[in-house]
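Inside the fold
The residues making up each chain are set out below.
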Amino acid sequence: MNDVIDPTMKKVFKHEFIALDKYQLISQDLNLSEDELRKNYQMLLESYRLLLQNTTKITAIGDINQKKLFEAFEELERQKAILYQSSILDYLTQVYNRSHIMQIFDDAFAQNKRYQHIFSSILLDIDDFKVINDTYGHLTGDLVIKETARQITSQLRETDSFGRYGGEEFLIVLPNTNAAEAMQVAEKIRTTVAETTIGEQNLRVTISLGVSDTLIDPSKSQDEMLHKVDLALYKAKENGKNCTVTYTP
Amino acid sequence: MNNLIINAGKDTLSISCDAAAGIIDMQGISYPQDAADFFNPVFDWLENYINEVAASVTLNLHIDYLNTSSTKCLFDFIDRLEDYYKQGNTVQVNWYHEAHDEDIKETGLEFQEDMELPFVVLPYTKNSSV
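Before going into details, it helps to say that this report is about the structure given with it. (Residues numbered from 1 in each chain as written. Chains lettered and ligands numbered in written order. Predicted model: local features only at pLDDT ≥ 70, side-chain atom pairs only at ≥ 80, totals over all residues. Heavy atoms only, no water.)

Observations regarding the overall build of chain A
A tally of regular secondary structure across chain A gives 8 helices and 5 strands. Shown N-terminal to C-terminal, the secondary structure of chain A runs as helices and strands in the order α-α-α-α-β-α-α-β-β-α-β-α-β. Burial statistics for chain A: of 249 residues in total, 40% are counted as buried. Within the structure as shown, chain A displays about 15000 Å² of accessible surface, and the carbon and sulfur contribution to it stands at 55%. (Helix = DSSP H or I, 4+ residues; strand = E, 2+ residues; numbered from the N terminus. Buried < 20%, exposed > 50% of the residue type's maximum accessible area, 1.4 Å probe, protein only. Areas by Shrake-Rupley, 256 points an atom, 1.4 Å probe, with all protein chains shown as cover.)

A word on the pairing of strand β6 (residues 119–124) of chain B
All names here are of chain B. Here strand β5 (residues 91–98) runs beside β6; their pairing, made up of 6 bridges, is parallel. If you follow Trp-95 over to β6, its bridge partner there is Val-121. For the handedness criterion, the β-α-β arrangement of β5, helix α3 (residues 102–114) and β6 is classed as right-handed. (Pairing = 2+ DSSP bridges. Right-handed = clockwise from strand over helix to strand, strands pointing away.)

Regarding the pattern of salt bridges
Think of it this way: side chains of opposite charge can pair up when their charged atoms draw near. All chains considered together, the criterion is met by 27 salt bridges over all chains. Notably, a salt bridge pairs B:Asp101 with A:Lys68, separated by 2.5 Å at the nearest N-O pair. Of the two residues, B:Asp101 sits in the loop between β5 and α3 while A:Lys68 sits in helix α3 (residues 34–88), which places them in two different chains. When sorted by exposure, B:Asp101 lands in the same class as A:Lys68, which is buried. A salt bridge links A:Asp128 to A:Lys241, with the shortest nitrogen-to-oxygen separation between them at 2.7 Å. Here A:Asp128, found in the loop between β1 (119–126) and α5 (129–136), pairs with A:Lys241, found in the loop between α8 (222–238) and β5 (244–246); they are 113 residues apart in sequence, far enough to count as distant. Using a relative accessible area of 43% as the deciding quantity, one classes A:Asp128 as partly exposed. Using a relative accessible area of 31% as the deciding quantity, one classes A:Lys241 as partly exposed. Three or more residues are tied together by salt bridges with common partners; here these are A:Lys57, B:Glu110, B:Glu113 and B:Asp114. (Salt bridge = Lys/Arg side-chain N within 4 Å of Asp/Glu carboxyl O.)

Here's the deal with the interface of chain B and chain A
Taken together, the contact pairs 24 residues of chain B with 20 residues of chain A. Where chain B abuts chain A, roughly 2000 Å² becomes buried across the two surfaces, and 58% of that area is made up of carbon and sulfur atoms. On the chain B side of the contact with chain A, B:Tyr65, B:Lys72 and B:Asp103 bury the most area, a combined 30% of that side's loss. Ranked by the residues each element gives to the side of chain B that touches chain A, the list is headed by α3(B), at 8 residues. (Contact = heavy atoms within 4.5 Å. Buried area = accessible area lost by both parts, 1.4 Å probe.)

Describing the sheet that holds strand β2 (residues 14–18) of chain B
Residues and elements named next belong to chain B. Spatially, the 6 strands line up as an open sheet ordered β1-β2-β3-β4-β5-β6, and their pairing is mixed. At either margin of the open sheet sits one strand with a lone partner, and together these are β1 (4–6) and β6. The average undirected angle you get between the axes of adjacent strands in this sheet is 15°. The sheet contact formed by β2 and strand β3 (residues 23–30) spans 5 bridges and is antiparallel. What sits directly across from Ser-14, in β3, is Gln-27. Against the sheet, helix α1 (residues 35–52) touches β1, β2, β3 and β4 (57–66), its axis set at about 10° to β2. Here α3 sits on the sheet in contact with β4, β5 and β6, set at roughly 170° to β6. (Axes fitted to C-alpha atoms, helices over the stretch in contact; angles between N-to-C directions.)

Here's what the structure looks like:
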């Protein structure tokens, strides 16, 4: 039985193993007198009492430390989740940050190239945001960005991904959606934002949107595709703002 | 008699044994592959101290984590101090736990329960002690 025990354990529990060896010697030599047997028996009894006591104690301490270890592990997992969230979210709006929405855009682009899964993108921008900032200050500007992001989120479908692309500019990726369908989503967003009043001053803002999909725009790169939807947004601004324009080649 | 200094490893305690002061400090976490090997020099140092210096011993413990074999080694180490105490020597064991760390406090109390020597369990705040 001893052979299967890890040598490290034998070193750690050396006193206990000495007691075990003694027991084996005594049990082999039964030519002892009654007194000697009694004496040995009592000695063994005491060794085993101590051994049992120590084992109980060590097990109890082991359990406490195991609990501590698991708690530390759970805390680590909690912190990891918090860290992950803060690495993908925009601090002000709590929607995806630029790097994460770009990651989603890149993934959708790769899926389209590999499996021809169609997707649309909407690039939108708050109209005359500089005027809001200059008139009411940066705090109000931040509030407008935050509230606009909230209104946009409320109009998205579950599968759509939405992120802050720049200062007052946002990008939406709509998988398995063509430009006509994306246009409907964009218009719902536009009207919702236009109807919302923001803050104590009851501010109203409008947004301009550019829409494109992978059928009308077979771009070879992500940058090229973003440029095309940006052109559509630019046209919406040119058309007098507060409107949506679909990219045409 | 020489002092013994063992720097903390990835999975081992930092230990310092001061022969002139009779103070042994142990700090940190302990889950080495071979706990007996790790603790052996400390047992040897204590035996030499008991034989050569034979003065009082204070053991200060700031433990954050112990695996089972380390628990057993520490148990044996305090057992040896208990023998020394029972021979009429002055021995003091101070088990420190961070104020909010109930698990380490409880571990200290488990050790304390079985030992027949002066053994106190005390809270401390990191950075202000040690």
